[in-house]
Amino acid sequence: MVIAMRITPSILNADFANLEAEVGRIPGADAVHVDVMDNHFVPNLTIGLPVVESLRRVTDKMLDIHLMIEDADRWAPAFAEAGAESVTFHVEAAAAPIRLARELRKLGARASMALKPATPIDGFADMLDEVDMVLLMTVEPGFGGQSFLDLVLPKIRRTRELIGDRPIWLQVDGGVSTSTVERCAEAGADTFVAGSAVFNAPKPDAMVSELRELAVAACRH
């Protein structure tokens, strides 16, 4: 059986001066992961809604928006309205996460909740039926190029147990590379955000394929 493993490269490590061309370098990717940071929820400032709207005009790839922002309840719906197929908000930043997830779905986007490394999943187990994906940060959010935190592996396993047979994607983000993707897949992840590993590679799309193959092989094993 072929196991579905998705690679969603983060453009945080791409050339912001020409994102259309950068996205064109990863035709084999399952989605384009867009990190939106506000310098409040995390100590970094990146791109916002206007850039996502511009990206939507130049690519038909799935846009996977990761909001690392305060007041997610207010801003997240606008990204769904802009045409993003998946919108992730942090449970630490949402005042009414269930209401927000339902609003995103109503707007036609996949709703996703993200958790920082130290945030336990068990407190949100009852919310799983309200989302289409769970994103587990495997570094402290805010900057690309950080080292993978092995301490998150038990949480990946626990989240996979809680998801069970439900068609909910389990995404990991942070330090994903050829040396860590197998551990994540073995623990139960099926969707992988890789930024520097992909865009710093000589052939980004070949790296996308390699990461996917490693994940599939690890899961089979």
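Right above here is the structure, for reference.
Quick look at the pairing of strand β4 (residues 86-90) now. Across the 5 residues that make up β4, a large majority, 5, are buried. Where burial is concerned, the two faces of β4 agree: the one with Ser86, Thr88 and His90 and the one with Val87 and Phe89 are both buried. Note: strand β3 (residues 63-68) against β4, 4 bridges, orientation parallel. Bridging across to β4, His66 finds its partner in Thr88. Here β4 runs beside strand β5 (residues 110-115); their pairing, made up of 5 bridges, is parallel. Note that in β5 the partner of Thr88 across the bridge is Ser112. Chirality of the crossover, the property in question, places the unit of β4, helix α4 (residues 97-106) and β5 among those that are right-handed.

Turning to the packing of aromatic side chains, a few remarks are in order. For the structure shown, the criterion picks out 0 aromatic pairs. Here the basic side chain of Arg110 rests over the ring of Trp169, its NZ or CZ set 3.9 Å away from the ring centre. Lying over the aromatic face of Phe41, Lys116 brings its terminal NZ or CZ to 4.4 Å of the ring centre.

A few words now on helix α3 (residues 72-81). Within α3, 7 of the 10 residues are buried, which leaves the element mostly enclosed by the surrounding structure. In this fold, the buried residues of α3 make contact with β2 (32-37), α2 (49-58), β3, β4 and α4. Once α3 ends, the next one or two residues include Gly83, with phi positive near 105°.

On inspection of all chains with the given rule, the structure shows 11 salt bridges. Residues Asp129 and Arg166 are paired through a salt bridge, measuring 3.0 Å at the closest nitrogen-oxygen approach. Separated by 37 residues along the polypeptide, Asp129 in the loop between β5 and β6 (133-137) and Arg166 in the loop between α5 (153-163) and β7 (169-173) bring together distant segments of the chain. For Arg160, the salt bridge is made with Asp190, and the minimal N-O distance between the two is 3.0 Å.

Rules behind the numbers
- Along every chain, residues carry numbers that run from 1 in the direction the sequence is written.
- The predicted nature of this model means local features are confined to residues of pLDDT at least 70 and side-chain atom pairs, given and counted, to a pLDDT of 80 or more, with totals for whole chains, interfaces and linings taken over all residues.
- Side-chain figures throughout are based on the complete set of non-hydrogen atoms in the structure, without hydrogens or water.
- Buried residues are those whose accessible area, probed at 1.4 Å on protein chains only, stays under 20% of the maximum for their type, while exposed residues exceed 50% and partly exposed ones sit between those limits.
- A helix here means a DSSP run of H or I that spans at least four residues, while a strand means a run of E at least two residues long, and both kinds are numbered starting from the N terminus.
- A strand pair is defined by DSSP finding two or more bridges across the two strands.
- Every crossover in which the path from the first strand over the helix to the second runs clockwise, viewed with the strands pointing away from the viewer, is termed right-handed.
- Only rings of Phe, Tyr and Trp enter the pairing, Trp through its six-membered ring, and a pair is recorded when the two centres are within 6.5 Å. The plane angle decides the type: under 30 degrees is stacked, over 60 is edge-to-face, the rest tilted.
- As a reminder, the over-ring test applies to NZ of lysine and CZ of arginine, requiring each to be within 6 Å of the ring centre and within 35 degrees of the ring normal.
- Every residue pair with non-hydrogen atoms within 4.5 Å of one another is taken to be in contact.
- Salt bridge, as used here: a side-chain nitrogen of Lys or Arg that lies within 4 Å of a carboxyl oxygen of Asp or Glu.

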